[in-house]
Amino acid sequence: ACSASKGSSAASEAGMEDGMEDGAKELISSGRQLVEGEQLSLQGEPLALILSKVRAVICVIADRESAERWEAVARLRLFCEGATSSEELEEIGSRKVNTLKVLVELLEELSPALGTNTTKAQVLEDVVWLLERLLCSVTLNHKILLKQTKAITLLLHVLARASVLRAPVLHGGSMGPLEPAANVLCCLTFHSSRACHQVIDANGCEAIAAATRACLGVPAGKGAGGAQPKQQPAGPVSPPALGRRNSLVAPDRERLACSLFELVVNLCSMLPQAQDACEATGLFALFLDRAATAVRALPDPPPVSTADPAGSAAAEADLAHASAGVSIVTEQLLLALNSVVWCNQRNQTLLCESETLDALLAHVFVWYSWTTQSGAHRSRLPPSYLASLLVVLGAQLDNETVIGAVARTAHERTLPALAARLGGALPRLCPLADFVTLHHLLLDQLLDIRHNHQHAEVVAEALGNARWLVRHCSESHYLFVHMHGALSVEMLLRCLGNVDETVLDAACSTAAAILHGSRRTQALFLRKHGIAVLRECALDYNADIQVRSLQLLAMLAHAHPACRHELRDEGVLRALLRSVQAYPYETELQVLEPTLDLISHAVTECARNQSYVREISGLGALCEALVYVAKAFCSSGNNTAAGKGEGEAGRGRGEARPAPISTDTANVSPSALSASPASLPADEYESDTNRSDPGEKLILSPGTPGSQDGYVHNPLGGSARLWPVKMRMSERAAGAARASGAPQ
């Protein structure tokens, strides 16, 4: 009996293996037909059919004996290029298809072909591009890739071979696999601390340093082994004329440079050991050298002319045009430098001893004088000025010795050199001591939020203080957002998810103050999945919180058309239509107004959202709400409550109810469900002056230190009006104020 059962079991297993082999053969056969076919896109086909075709192509790629492997990779790239929704890319990269695992195995197989002009090298570029497409567009696929233990190491290997790729690839006008590999690592480390640990464990800073040197055109041996010795100043250097382009990086390498700099920001803001690794590999020394060169190459601001405001505006426009192409690269370099020196005493000391500090101080002093004279709005402050100020202040965090050294450098070297170069003293001197204390106060608020998340009163007070500081000083907005990577935005999102009503209300007000007028901050907020967090706030039972959340969503949809598709994918648009349908019974008029405003922004110039509203029966609810509102406001002598009763009476007389908002997506066309592949706009620091800030009812007028209303013009100390007199100061901020000479 035992032998008979064993024989039947073996037979069944053999039958299963034969069945699996037959299924695999069928998939490979269908995959070859797809590869040899003429269809180049899967656009418009059902998702189930798309997955079956992709699975067949993946089987061909995984078959090492197949002669159509490389053609299958090219066909898979065409499929992913034609994907029009994040849902399709998520399914293609899911465990059902096993795409990411096969791509990682193929990347390991093709790694020896790096730097050659063979067919395998071209296939390797396609593989890295596919990883970028499947991971940077859909963050849900990150966990699947991180379970592949060799994935991070292989991507770092691509960066480490940048010196080999530089001659045949970089000089040929193509980034090859470098740019997509840097983008994948940047995206993974931005969203996952686990990815940061894997990069550091694999000695990723050495690979990043090699890629950065290749991108910037620096010899491989320069900057290795720690910071470079201090160089003697070469005397005052005249600024370049307007229209002269910065030589920091070639135009075709700007995106790669920005990705590498942001990768350093992600690592150093997450792991302190990454700062030491950057110093040990020479990356910090390279940043110091290039930052000094880039800042000195930036043009001085145009002269402020009160007699001819039109001429001054023209000069300002010329300046903006001249620095538009290089401002983002220089800013990213300075942000990376700030992340390396942030609260790291050794790196802070090295920065203080280098010539970079003098260049940064000179840039800050010149532009501060211009901004206070011209009364520039926060959105018009140049990013290079704000980032330079951030580095100078970050180098003094928790280091009273460096605070004194920076003050001596400013008095003994920077200000005399500026006076000699400009032919006189600056009209307005920067109150550097006040900024040092302000920077420590902003850090105190972040630490209070992080370490007291169980104490609602402390968190709400810290959020209120941060909101006050951001509104009162133009520079504090940038300092707070970019203080340490994405720490501020992460803390804000955590507060927006708090269940306490006091914290949630304060978080909404602070978010409005931080997001208003800064497209860069808005884009950072969206990358951190801010739409999903605000969706939960918009469903809160508190009407005031609902209104503020809806206003924030409308502001984001107005400034970033790409996030309108995310409103549909996250279910926000469907929830809005349900809220409109519930008026006047469950939805108040106070909530209806921002709801309709958000819907109008969501469907403006977005055909997919328009068709989506029609297909889930949303037009009926909108029309009925229009009738009710018209009756409420057009009836003479009726207030809102009377209008509401009129609508209810009309409904009772037998008016037809619209069809309910459908919850079934099976009957919705793929074009309505698909998301836009377009990326977020790259425009920065633009302000929509026609929209009001929904953060607070009373908007504080912005004050800038150094103005004529009672501020002391002293670079070491000046005004205590950057922060409220009654604001609680920690021992850290008080010590910084004592060291810098600022009032406490």
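Residues numbered from 1 in each chain as written. Predicted model: local features only at pLDDT ≥ 70, side-chain atom pairs only at ≥ 80, totals over all residues. Heavy atoms only, no water.

Digging into the packing of aromatic side chains
1) Next: Tallying each qualifying case throughout the model produces 4 aromatic pairs.
2) Next: For the ring pair Tyr-368 and Phe-435, a centre distance of 6.1 Å and an interplane angle of 85° mean the geometry is edge-to-face. You can see Tyr-368 sitting in helix α19 (residues 356–374) and its partner Phe-435 sitting in helix α22 (residues 432–451), a full 67 residues away along the chain. Across this residue pair, the class does not change: Tyr-368 and Phe-435 are buried.
3) Next: Aromatic side chains Tyr-583 and Tyr-628 sit 6.3 Å apart centroid to centroid with 55° between the ring planes, which places their arrangement in the tilted category. Here Tyr-583 is found in the loop between α31 (572–581) and α32 (589–603), whereas its partner Tyr-628 is found in helix α34 (residues 618–634), with 45 residues between them in sequence.
4) Next: A relative accessible area of 5% places Tyr-583 in the buried class.
5) Next: On the basis of relative accessibility, which here comes to 3%, the residue Tyr-628 falls in the buried class.
6) Next: The cationic tip of Arg-527 hangs over the ring face of Phe-190; the distance from NZ or CZ to the ring centre is 3.9 Å.
7) Next: When the ring centre of Phe-190 is taken as reference, the NZ or CZ atom of Lys-528 above it lies at 4.2 Å. (Phe/Tyr/Trp six-rings, centres within 6.5 Å; stacked < 30°, edge-to-face > 60°. Helix = DSSP H or I, 4+ residues; strand = E, 2+ residues; numbered from the N terminus. Buried < 20%, exposed > 50% of the residue type's maximum accessible area, 1.4 Å probe, protein only. Lys NZ or Arg CZ within 6 Å of the ring centre and 35° of its normal.)

Thoughts on the pattern of salt bridges
1) Next: Enumeration over the complete set of coordinates arrives at 18 salt bridges.
2) Next: Between Glu-81 and Arg-77 there is a salt bridge, with its nearest N and O atoms 3.3 Å apart. Of this pair, Glu-81 and Arg-77 both sit in helix α3 (residues 69–82), 4 residues apart, which is roughly one turn of that helix.
3) Next: Here Glu-570 and Arg-535 are joined by a salt bridge, their closest N and O atoms 3.2 Å apart. With Glu-570 in the loop between α30 (563–569) and α31 and Arg-535 in helix α28 (residues 530–538), the pair connects residues that are 35 residues apart, well separated along the chain.
4) Next: Judged by relative accessible area, Arg-535 falls into the partly exposed class, the value being 22%.
5) Next: Connected through shared salt-bridge partners, Arg-64, Arg-69 and Glu-109 make up one network. (Salt bridge = Lys/Arg side-chain N within 4 Å of Asp/Glu carboxyl O.)

Details of helix α26 (residues 501–515)
Because each turn of an α-helix spans 3.6 residues, side chains separated by three or four positions in sequence point in the same direction.
1) Next: The terminal C-alpha atoms of α26, which comprises 15 residues, lie 21 Å apart, in line with the 21 Å expected from a rise of 1.5 Å per residue.
2) Next: Burial of α26 is extensive: 12 of the 15 residues sit out of reach of the surface.
3) Next: Of all the positions in α26, only Val-503, Leu-504, Ala-506, Ala-507, Cys-508, Ser-509, Thr-510, Ala-511, Ala-512, Ala-513, Ile-514 and Leu-515 are classed as buried.
4) Next: Those residues of α26 hidden inside the fold are in contact with α23 (456–472), α24 (474–481), α25 (487–496), α27 (519–527), α28 and α29 (543–559).
5) Next: At the N-terminal boundary of α26, the capping side chain belongs to Asp-500, with an oxygen 2.9 Å from the backbone nitrogen of Thr-502.
6) Next: Just beyond α26, the residue with positive phi is Gly-517, at close to 80°. (Expected span 1.5 Å × (residues − 1). Contact = heavy atoms within 4.5 Å. Polar contact = N/O pair within 3.5 Å; in protein donor to acceptor, adjacent residues only side chain to side chain.)

Side note on the packing of α27 against α29
1) Next: Following both chains from N to C, one finds α27 and α29 inclined at 110°, their axes separated by 11 Å at the closest point. When the axes of α27 and α29 are compared, the pair comes out roughly perpendicular. Each of Arg-519, Gln-522, Phe-525 and Leu-526 in α27 lies in contact with α29, whose residues at this interface are Met-555, Leu-556 and Ala-559.
2) Next: Looking at the contact of α27 with α29, its residues break down into 5 nonpolar, 1 polar and 1 charged. (Axes fitted to C-alpha atoms, helices over the stretch in contact; angles between N-to-C directions. Parallel < 35°, antiparallel > 145°, perpendicular 65-115°, else oblique. Nonpolar A, V, L, I, M, F, W, Y, C, P; charged D, E, K, R; others polar.)

Here's the deal with unusual backbone geometry
Phi is mostly negative for residues that are not glycine, and the peptide bonds are mostly trans.
1) Next: Note that the residue after Tyr-583, namely Pro-584, is joined by a cis bond; omega there is 5°.
2) Next: Relative to the helices and strands, Pro-584 is located in the loop between α31 and α32.
3) Next: Although it is not a glycine, Cys-343 adopts a positive phi angle of roughly 55°.
4) Next: Within the fold, Cys-343 resides in the loop between α17 (327–341) and α18 (345–353).
5) Next: Here Cys-343 falls in the partly exposed class, since its relative accessible area comes to 32%.
6) Next: Its identity is not glycine, yet Glu-605 carries a phi of approximately 55°, on the positive side.

Here's the deal with the environment of Ala-737
1) Next: Looking at the secondary structure, you find Ala-737 in helix α37 (residues 731–740).
2) Next: In this structure Ala-737 comes out as buried when scored by relative accessible area, which is 1%.

Considering the state of the cysteines
1) Next: Evaluation of the coordinates by the stated rule reveals 0 disulfides.
2) Next: No disulfide involves Cys-606; its sulfur sits 9.8 Å from the nearest other cysteine sulfur, which is in Cys-563.
3) Next: By relative accessible area, which is 3% here, Cys-606 ends up buried. (Disulfide = S-S within 2.5 Å.)

In short, shape yes, function no, at least from these values alone.
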